[in-house]
Amino acid sequence: MGEEGTGGTVYLLCLAASSGVPLFCRSSCGGVPTRQQLPFSVIGSLNGVHMFGQNLEVQLSSARTEDTTVVWKSFHDSITLIVLSSEEGSSELRLERLLQMVFGAMVLLVGLEELTNIRNIERLKKELRASYHLIDSFLGDSELIGDLTQCVDCMVPLEGSLLQEALAGFAEATSTAFVSLVVSGRVVAATEGWWRLGMPEAVLLPWLLGSLLPQTARDYPVYLPHGSPTVPHRLLTLTLLPGLELCLLCGPRPLLSELDPQLPTSPTVPLDDHAPDHASPQLLERWWQPLLEPLRTCVPLGPRALPAGFPLHVDILGLLLLHLELRRCLFTVELSEDKEPSLDQRRRLLRSFYTLVTSMHFSPEPGPPEKAEDVAQRAQLPRACYVVSGPEKPDKGWRLVALQSGPRRLLLLLSPQSPTHGLRSLATHTLHTLSRLL
């Protein structure tokens, strides 16, 4: 099992399907965004072979050479996305989901109408620049995994019930059904309305906040690729603490001036010196001033996702827990940080392992209702698997184990000292411990 994302270059091409005119080309090398561009002749050849297949009613979806994987995907017969990856261990599943997220990001910030009814190529190119930061974040190394799992990255706060209660009260006070607290692209708490958002916007909205530069407040127009692809909504964000944002998805109301982001008694919270005189700071004070300490404890939890001291086996170096029905996940590699491998390598190992078990061993994520024969086939699918990655020597090589139980799927990265015969027992115990969180 190769490590996804080690070395190599990724090129992402976006073209108008009817004319083949390139709209943009983004790239990354070693997980870092670059400005490398492909020659126009290569772009034309890649698009030409795809169009040639279409004319013969042959759908070309992917191809693989000795060192490069290529995936094509057309959207609404209007936009063609092509990704080329020479990264070691790069899989078709990962690249296909990358293209889905990229098109979702384009719809999120430009709208489906502009992408399916292209009137002016040059104007569309300019409008798509607004999506570059978000798209580049998919190409680079990230501490999140929602782009691959298509589940919302979450974290577990210490005072979750208090934050949830305050969030529900604040949502009612602002007459907004879609409200959440986000730290570093991870959802800390959210209203029922926010959790009901469809895919991919449920993943894209927190990811968008993580890709933007910090600001005290934002009033950001967004489209919902699943729920409202042609009519924009407003994404309001208020920085309660550095790194922690309160997010509202709403219509014309409330105005940003009605949600003045000032908590006067907290010197650590950014102040908006330019707030209008008629703004009403009492609303934020009422709901969030009493919870400053619980809010502060959320900020350092970001990449760890779990509260400090949460009982986990010492051999666990990283974990990914998915609830496939709720479409939420917990992902962290910041466990036993004094041990090898590095945090970046741990993320790559778990991402590659997820791709392996999803595409080869476990059943796909829940979709439309299944036929009786599909249910019978699923009953014969494996419930657990493991891989030893690295040197084939005693007490060497990282252990990776996956366990499926109902709607939950757990992937663990374990140290070489963990005995192979005890992997399933350890995974079962860990899943039982984590089940009360997600």
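Residues numbered from 1 in each chain as written. Predicted model: local features only at pLDDT ≥ 70, side-chain atom pairs only at ≥ 80, totals over all residues. Heavy atoms only, no water.

A closer look at helix α5 (residues 132–139)
Link 1 in the chain: The element α5 is extensively covered by neighbouring structure, given that seven of its eight residues are classed as buried.
Link 2 in the chain: Of the positions making up α5, those classed as buried are Tyr132, Leu134, Ile135, Asp136, Ser137, Phe138 and Leu139. (Buried < 20%, exposed > 50% of the residue type's maximum accessible area, 1.4 Å probe, protein only. Helix = DSSP H or I, 4+ residues; strand = E, 2+ residues; numbered from the N terminus.)

With respect to the environment of Leu246
Link 1 in the chain: Mapped onto the elements, Leu246 comes out in strand β12 (residues 244–250).
Link 2 in the chain: Leu246 gets classed as buried once you look at its relative accessible area, which sits at 0%.
Link 3 in the chain: Once you skip the residues sitting within four places of it in the chain, Leu246 turns out to touch Leu167, Phe170, Val179, Ser180, Leu181, Leu236, Thr237, Leu238, Leu240, Leu284 and Trp288. (Contact = heavy atoms within 4.5 Å.)

What to know about unusual backbone geometry
Link 1 in the chain: Residue Pro254 is reached from Arg253 by a cis peptide bond, and omega for that bond is 0°.
Link 2 in the chain: Structurally, Pro254 can be placed in the loop between β12 and α10 (282–288).
Link 3 in the chain: Between Glu340 and Pro341 the backbone carries a cis peptide bond, its omega angle lying at 0°.
Link 4 in the chain: Mapping Pro341 onto the fold places it in the loop between β14 (328–332) and α12 (343–361).
Link 5 in the chain: Although it is not a glycine, Gln150 adopts a positive phi angle of roughly 60°.
Link 6 in the chain: Tracing the chain through its elements places Gln150 in the loop between α6 (146–149) and β7 (152–153).
Link 7 in the chain: Of the residues examined, Gln150 reaches a relative accessible area of 19% and is grouped as buried.

Overview of the pattern of salt bridges
Link 1 in the chain: Applying the stated criterion across every chain yields a total of 13 salt bridges.
Link 2 in the chain: The closest approach of N and O atoms between Arg94 and Glu87, which form a salt bridge, is 3.3 Å.
Link 3 in the chain: The class for Arg94 is buried, based on a relative accessible area of 7%.
Link 4 in the chain: Its relative accessible area of 6% is what places Glu87 among the buried residues.
Link 5 in the chain: In this structure, Arg296 and Glu293 form a salt bridge, with 2.5 Å as the shortest nitrogen-oxygen distance. Note that Arg296 and Glu293 are positioned in helix α11 (residues 292–298) at a spacing of three residues, about one turn of the helix.
Link 6 in the chain: Through salt bridges that share partners, Glu114, Arg123 and Glu127 make up one connected network. (Salt bridge = Lys/Arg side-chain N within 4 Å of Asp/Glu carboxyl O.)

Focus on the environment of Ser415
Link 1 in the chain: Here Ser415 is to be found in the loop between β17 (408–414) and α14 (423–434).
Link 2 in the chain: Relative accessible area serves as the criterion here: at 2%, Ser415 is assigned to the buried category.
Link 3 in the chain: Apart from the residues within four sequence positions on either side, Ser415 is in contact with Asp315, Leu317 and Arg399.

Digging into the sheet that holds β12
Link 1 in the chain: Pairing in this open sheet of five strands is antiparallel, and the strands run β9-β8-β12-β11-β10 from one edge to the other. Since the sheet does not close on itself, it has two edges, and those belong to β9 (186–190) and β10 (217–224), each with one partner. Looking at each pair of strands side by side, their axes are set apart by 30° on average, direction ignored.
Link 2 in the chain: Here four bridges tie strand β8 (residues 178–183) to β9, and the two strands are oriented antiparallel to one another. Note that in β9 the partner of Val182 across the bridge is Val187.
Link 3 in the chain: Contacts from helix α2 (residues 92–110) reach β10 and β11 (228–241), with the element oriented near 115° to β10.
Link 4 in the chain: Taken strand by strand, helix α9 (residues 201–211) contacts β8, β9, β10, β11 and β12, and its axis lies near 150° from that of β10. (Pairing = 2+ DSSP bridges. Axes fitted to C-alpha atoms, helices over the stretch in contact; angles between N-to-C directions.)

Structural notes on the packing of α2 against α9
Link 1 in the chain: Packing of α2 against α9 leaves a shortest axis separation of 10 Å and a crossing angle of 75°. In terms of orientation, α2 and α9 fall into the roughly perpendicular class. Here Met101, Gly104, Ala105, Leu108 and Leu109 of α2 lie close against α9, whose contacting residues are Val203, Leu204, Leu205 and Leu208.
Link 2 in the chain: Taken together, the residues that form the contact of α2 with α9 break down as eight nonpolar, one polar and no charged. (Parallel < 35°, antiparallel > 145°, perpendicular 65-115°, else oblique. Nonpolar A, V, L, I, M, F, W, Y, C, P; charged D, E, K, R; others polar.)

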